[in-house]
Amino acid sequence: GCERLTEKDVIGIADIHPSQNLLALRTEVVTDNLKRNPWIKEVSVTREFPRALSIDIQEKKAIALAKKSNDLFFIDAEGAVIKKIESSEESDLPVLTGFSENAELVRKSIELLNFFAAQPEFPQAKDIAEINGDEVNGLSIFLENGLCLQMGIDEYTSKLRKFKMIMADLSRRNMATGYLLIDLHNPGSVTVNKRNMLPVETRHKKYST
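Please read these numbers as outputs of a predicted model, since none were measured by experiment. (Residues numbered from 1 in each chain as written. Predicted model: local features only at pLDDT ≥ 70, side-chain atom pairs only at ≥ 80, totals over all residues. Heavy atoms only, no water.)

**Describing the overall build of the protein chain**
In terms of helices and strands, the protein chain carries four helices and 13 strands. Computed over C-alpha atoms, the radius of gyration of the protein chain comes to 22 Å, more than 25% over the 17 Å expected from 2.2 N^0.38 for 209 residues, which places it beyond the range of a compact globule. Buried positions account for 43% of the 209 residues belonging to the protein chain. In the protein chain, of all internal contacts separated by at least 6 residues, the share reaching a separation of at least 24 is 49%. Here the protein chain displays about 12100 Å² of accessible surface, and carbon together with sulfur accounts for 48% of that area. Where the 28 positive side-chain charges of the protein chain centre and where its 31 negative ones centre are 3 Å apart. (Helix = DSSP H or I, 4+ residues; strand = E, 2+ residues; numbered from the N terminus. Rg over C-alpha atoms; globule rule 2.2 N^0.38 Å. Buried < 20%, exposed > 50% of the residue type's maximum accessible area, 1.4 Å probe, protein only. Contact = heavy atoms within 4.5 Å. Areas by Shrake-Rupley, 256 points an atom, 1.4 Å probe, with all protein chains shown as cover. Lys, Arg positive; Asp, Glu negative; His and termini not counted. Charge placed at Lys NZ, Arg CZ, Asp CG, Glu CD.)

**Observations regarding the pairing of strand β2 (residues 52-59)**
One ladder, built from eight bridges, connects strand β1 (residues 40-48) with β2; its direction is antiparallel. Directly across from Glu48, in β2, lies its bridge partner Ala52. The turn joining β1 and β2, which pair antiparallel and follow one another in sequence, is formed by three residues. (Pairing = 2+ DSSP bridges.)

**Some thoughts on the nonpolar core**
Counting 31 residues, the largest nonpolar core has Phe116, Ile131, Ile141 and Leu149 as its most contacted members. The set of elements that each furnish at least two residues to this core consists of β3 (64-68), α3 (103-117), β8 (128-134), β9 (138-143), β10 (148-152), α4 (156-172) and β11 (180-183). Of all the elements, α3 adds the most residues to this core, at seven residues. Here Ile131 is in contact with Val95, Leu96, Thr97, Phe99, Ser109, Leu112, Leu113, Leu139, Ser140 and Ile141, once residues within four sequence places are set aside. (Core = buried A, V, L, I, M, F, W, Y, C linked by side-chain atoms within 4.5 Å.)

**Comments concerning the packing of α3 against α4**
Close contact between α3 and α4 brings their axes to 11 Å; oriented N to C, the two are set at 55 degrees. With respect to α4, the axis of α3 lies oblique. By crossing handedness, the relation of α3 to α4 is classed as right-handed. For the pair α3 and α4, the contacting residues are Lys108, Leu112, Phe115 and Phe116 in the first and Tyr156, Thr157 and Leu160 in the second. (Axes fitted to C-alpha atoms, helices over the stretch in contact; angles between N-to-C directions. Parallel < 35°, antiparallel > 145°, perpendicular 65-115°, else oblique. Left-handed = near helix turned anticlockwise from the far one by under 90°.)

**Describing the pairing of β10**
Counted residue by residue, β10 has five buried out of five residues, so it is predominantly covered. Alternating residues of β10 divide into Cys148, Gln150 and Gly152 and Leu149 and Met151, and every residue in both groups is buried. Where β9 lies against β10, four bridges are found, and the strand directions are antiparallel. Residue pairing for β10: Ser140 is matched across the bridge by Gln150. Connecting β9 to the antiparallel partner β10 that follows it, the hairpin turn spans four residues, and Gly146 within it adopts a positive phi of roughly 100 degrees. By the bridge criterion, three bridges tie β10 to β11 in an arrangement that is parallel.

Structural data, given as C-alpha cells:
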C-alpha cells in the first residue's frame, strides 16, 4: 500500500543488506530507522526463518498542503503536519492559506474537503486548488476553472444546491466562464461578481522552497 515510498526507499531507510546475518540483525534498530521517516505511520519488522525479513508499513496520507509563512507543508486528515514539501517534490493537493495557525479553521477546511470529496459531480475535492480563510469571513475555495466560492462556515449542502442553480442560470445566459466570485454566505441572497485575482497557489506545479 505504499504510495510515497518504494521498496528501494524502504530498504535504504531500514539500512539492511543482503549479506546480513538474520539472527544477528536487531529488528528494533530497523524499526527505529524506519520510524524516523516522516511518511511512515506504523511499521512492523519480523524475521521469517530461514532467510527472510518481513517489513510491513502503513504510510501517512496527505490530504492538503498548508501554507505557513513562505513554506508549504503536507498535512493529514487530522490537520497534523507530516513534513515540509521539498523543491524536488510535486503535488496536486489543494493548498490551505490564510489560517495555518488557527486549528479550528484547519479542522473546518478539512471538513469542507471531505464534503466535496463525497460529491458525485462538479465541484469535487479534486477540483479545489485552494482554500483560503479567516476568522471573520470563514472559508473561500478557489476552483481549478477560475471560480471562487465564498462558503463561510457550515450549511454546505444548501449552499452547494444554490451554487448549482446559479451556475445553471449563468450557463443559460453564457455567463458561466471566466473568473467569477460567488458569495454563498447567505444561500437566500447570493451575489455573483467578476474577479481579477488568481488563487495564491495553484495546483499541478512544482513548489519550490
